Amino acid sequence: MEEKIRSFAEFYRFYLTEHRNKTSRILHFTGTFLTLILVVVFLATGGGWAWVLVPVTGYGFAWAGHAFFEKNKPATFKYPLWSLVSDFRLFFEILSGKCSFDSRKDSTPYR
């Protein structure tokens, strides 16, 4: 039986171990970036039915990374909120230089 993760800090360490592949990280980053752009555009224009593109864009890129490069299941199904927050945290940590597309260069510790 798998242990339940009880804190966000513990989850984020796990999240980073599930996101070590460079191409997967690039896909996650791209999906998050496009999602942020879509949200801004939709807020500015009203967006209409096109709001459906926000989760499709974000999750589409991320799930492709898991399916084809990480070869693991996204944690979204078990920890949806922490997963979403972690996607944005990794995005901003890559922008700030704390993390990298190359996980070996990360300054954030893993388990």
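My aim in this report is to walk through the structure given alongside it, one point at a time. Every chain is numbered independently, its residues counted from 1 as its sequence is written. Given that this is a predicted model, residues contribute local features only at a pLDDT of at least 70 and side-chain atom pairs are listed and counted only at 80 or more, while totals for whole chains, interfaces and linings are drawn from all residues. Side-chain numbers here rest on the full set of heavy atoms in the structure, without hydrogens or water.

1. Re the packing of helix 2 (residues 22-45) against helix 4 (residues 80-96)
As a reminder, the rule being used: Here an axis means a line fitted to C-alpha atoms, over the contact stretch when the element is a helix, while the angle between two N-to-C directions is reported on a 0 to 180 degree scale. Secondary structure follows DSSP: runs of H or I at least 4 residues long count as helices, runs of E at least 2 residues long count as strands, and numbering of each begins at the N terminus. Any angle that is under 35 degrees is reported as roughly parallel, and any over 145 degrees as roughly antiparallel; angles of 65 to 115 degrees are reported as roughly perpendicular and all others as oblique. Pairs of residues are marked as contacts when any of their non-hydrogen atoms sit within 4.5 Å. Ten residue types, Ala, Val, Leu, Ile, Met, Phe, Trp, Tyr, Cys and Pro, are classed as nonpolar, four, Asp, Glu, Lys and Arg, as charged, and the remainder, Gly among them, as polar.
The interhelical angle for the contact between helix 2 and helix 4, taken along N-to-C directions, is 100 degrees, at an axis separation of 10 Å. With respect to their mutual orientation, helix 2 and helix 4 come out roughly perpendicular. In this structure, helix 2 contributes R25, H28, F29, T32, F33 and L36 to the contact, and helix 4 contributes D87, F88, L90, F91, F92, I94 and L95. By residue class, the composition of the contact of helix 2 with helix 4 is nine nonpolar, two polar and two charged.

2. Structural notes on unusual backbone geometry
Backbone geometry places K71, a non-glycine residue, at a positive phi of 60 degrees. On the secondary structure map, K71 appears in the loop between helix 3 (53-70) and helix 4.

3. Considerations on helix 4
Every α-helix winds through 3.6 residues per turn, so residues three or four apart in the chain are directed the same way. Formally: Multiply 1.5 Å by the residue count of a helix minus one, and that product is the helix's expected span. Burial classes follow relative accessibility: with a 1.4 Å probe on protein chains only, a residue under 20% of its type's maximum area counts as buried, one over 50% as exposed, and anything between as partly exposed. Picture the helix axis, draw a direction to every C-beta atom, and the arc is the one those directions span.
Helix length check: helix 4, at 17 residues, gives a terminal C-alpha distance of 24 Å against a target of 24 Å (1.5 Å per residue), a fit within 8%. Of all the residues in helix 4, the buried ones are S83, S86, D87, L90, F91, E93 and I94. The buried residues of helix 4 occupy one face: seen down the axis, they fall within an arc of 170 degrees. Exposed side of helix 4, more than 90 degrees from the buried face: L81, L95 and S96 are the residues found there. Those residues of helix 4 hidden inside the fold are in contact with helix 1 (8-17) and helix 2. Positive phi shows up at G97, right after helix 4, with a value of about 90 degrees.

4. A word on the pattern of salt bridges
Here is the rule: One speaks of a salt bridge when a side-chain nitrogen belonging to Lys or Arg is within 4 Å of a carboxyl oxygen belonging to Asp or Glu.
Enumeration according to the criterion identifies four salt bridges in this entry. Between E93 and K98 there is a salt bridge, with its nearest N and O atoms 3.9 Å apart. Linking R104 and D102 is a salt bridge whose minimum nitrogen-to-oxygen distance equals 2.9 Å. Take D102: its relative accessible area is 15%, and that puts it in the buried class. Three or more residues joined by partner-sharing salt bridges are found here, namely R89, E93 and K98.

5. What about the side chain of H66?
Put simply, the test is: What qualifies as a polar contact is a pair of N or O atoms within 3.5 Å, subject to a donor-acceptor requirement within protein and to the restriction that residues adjacent in sequence count only when both atoms come from side chains.
Assignment of secondary structure puts H66 in helix 3. A polar contact of 2.5 Å, which involves the side chain of H66, links it to the side chain of N72. Apart from the residues within four sequence positions on either side, H66 is in contact with E18, H19, S24, H28, K71, N72, K73 and P74.

Worth remembering: the numbers are spatial, not functional.
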